[in-house]
Amino acid sequence: MSQPLAERLRPRSLDDYIGQQHLVGEGAVLRKMIDARHISSFILWGPPGVGKTTLAQIVANRLEVPFFTLSAVTSGVKDVREVIEKAQKGRFFNTSSPILFIDEIHRFSKSQQDSLLGAVERGIVTLIGATTENPSFEVIRPLLSRCQTFVLKSLERDDLLKLIDRALTTDVELKHKKIEMKETAALLRYSGGDARKLLNILELVIDSENQEPIVITDDLVAARLQQNPLAYDKDGEMHYDIISAFIKSIRGSDPDAALYWLARMIEGGEDPKFIARRLVISASEDIGLANPNAMLLANAAFDAVNKIGWPEGRIPLAEATVYLATSAKSNSAYLAIDKALDLVRRTGNQPVPLHLRNAPTSLMRDLGYHDGYKYPHDFPGHFTPQQYMPDELQGQTLWTPQHSPAEDVLAQRMKNYWKK
């Protein structure tokens, strides 16, 4: 039986790898690590079909080290320990550590992740984890602190077109067929930046045609996918589109649409914690200071889902969804932290003004640390103006209040304090 097209086209080297140039392009951080043959443990975070597993295999091939793989869905603590034992026995003195690749590492329990810690710390294995979920939520802190996190992006239009051309011109089966790529819009739209999904759709369309030349049009792609609705949505990968619609409906203050997309996710078997996390993010990103209670309610919904389980958990999720959708909106905090991060990256490590520095020793006090600091609680209204920014950045404004009843109060208070 022939391998699927996506497997036949799996790249074997970085030169064949498509996309993620911010990581593997010339001079990029992961490319440098691979070329230097010095790899530390890392986690690849990104949507399905963007090359996480492929990248891990390329690293192992380049380093010429044993490659062990585990799926978090089917493996337990016992499997982890057995692989670590094999890696330890098979390693020779002064050689690079074997690579242990764990797919869907976000599904590993705390005990499973704990069982990895010692081997990663001692260098018995170099861990490469792959996840579609934010690792800061799902990977235990001790393990996360020992791994770099690399974010992979959905493939862009040019990447997908390059992949289509490679499939038609280099694949051992397709290159012998007469195929005319007349239109690509539907292929690109249905794939959603997922290389595996794109190749699955392409293979489905080609295999469904009995006569050559095969002329691929948008109508043909749409017709074939309507006959095979799961061909491009295996394992519920459409959830990225649906969660996007869900969050945008909340942001757009449409509770009915938000509830509809929530119901779609519930009926589709989406992980309730995945939904709850998105509500917490939405509360801070889109409602923010316009209604700080939104964050409290979203967090409460998250806790409730963990405590009461399913199906009752749908009720606090619905309550939080309606509350967030009907709340006043502000993204001032979201914009402010991004502006602050940009400022830090542009200006580097500016020195802390002396009066703001900690002075736990007599030497530091002699050097003037803490001198001149005014304790706000000693002044009327618990405020007195003084410099808090580094010398070079005085006058920088990062937070710009937006108009809502709650945020107007904050803005007025700052205006009264700082007279600006």
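This text follows the structure it describes.
Computed from a prediction, not measured in an experiment: that's the story for all the values here.

Draft legend 1. A look at the side chain of His106. Within the secondary structure, His106 is located in the loop between strand E3 (99–103) and helix H6 (110–121). The class of His106 is buried, set by a relative accessible area of 14%. Within the local environment of His106, its side chain forms a polar contact with the side chain of Thr131, the two groups lying 2.8 Å apart.

Draft legend 2. Just the packing of aromatic side chains, in detail. By the definition in use, this model includes six aromatic pairs. Ring geometry for Phe383 against Trp418: centres 5.1 Å apart, planes inclined by 80°, an arrangement best described as edge-to-face. Residue Phe383 is located in the loop between helix H19 (362–366) and helix H20 (405–418), and its partner Trp418 is located in helix H20; the two are separated by 35 residues in the primary sequence. Taken together, the ring pairs in this structure connect Phe383, Tyr388, Tyr417 and Trp418 into an aromatic cluster.

Draft legend 3. Focus on the pairing of strand E4 (residues 126–131). In terms of burial, E4 is largely enclosed, as six of its six residues are buried. Residues Thr126, Ile128 and Ala130 line one face of E4 and the alternating positions Leu127, Gly129 and Thr131 line the opposite face, and both faces are buried. Where E3 and E4 come together, five bridges link them in parallel fashion. The residue bridging Leu100 from the neighbouring strand is Leu127, located in E4. Regarding the hand of the β-α-β motif, the stretch spanning E3, H6 and E4 is right-handed.

Draft legend 4. Representation of helix H18 (residues 332–347) within the structure. Between the first and last C-alpha of H18 there are 22 Å, a value that for 16 residues agrees with the 22 Å anticipated at 1.5 Å per step. Listed as buried for H18 are Ser332, Ala336, Ala340 and Leu343. Here the buried residues of H18 occupy an arc of 65° about the axis, which is enough to place them on one side. Packed against the buried residues of H18 are H20. Phi turns positive, to about 75°, at Gly348, one or two residues after H18.

Calculation notes
- Residues numbered from 1 in each chain as written.
- Predicted model: local features only at pLDDT ≥ 70, side-chain atom pairs only at ≥ 80, totals over all residues.
- Heavy atoms only, no water.
- Helix = DSSP H or I, 4+ residues; strand = E, 2+ residues; numbered from the N terminus.
- Buried < 20%, exposed > 50% of the residue type's maximum accessible area, 1.4 Å probe, protein only.
- Polar contact = N/O pair within 3.5 Å; in protein donor to acceptor, adjacent residues only side chain to side chain.
- Phe/Tyr/Trp six-rings, centres within 6.5 Å; stacked < 30°, edge-to-face > 60°.
- Pairing = 2+ DSSP bridges.
- Right-handed = clockwise from strand over helix to strand, strands pointing away.
- Expected span 1.5 Å × (residues − 1).
- Arc of directions from axis to C-beta.
- Contact = heavy atoms within 4.5 Å.

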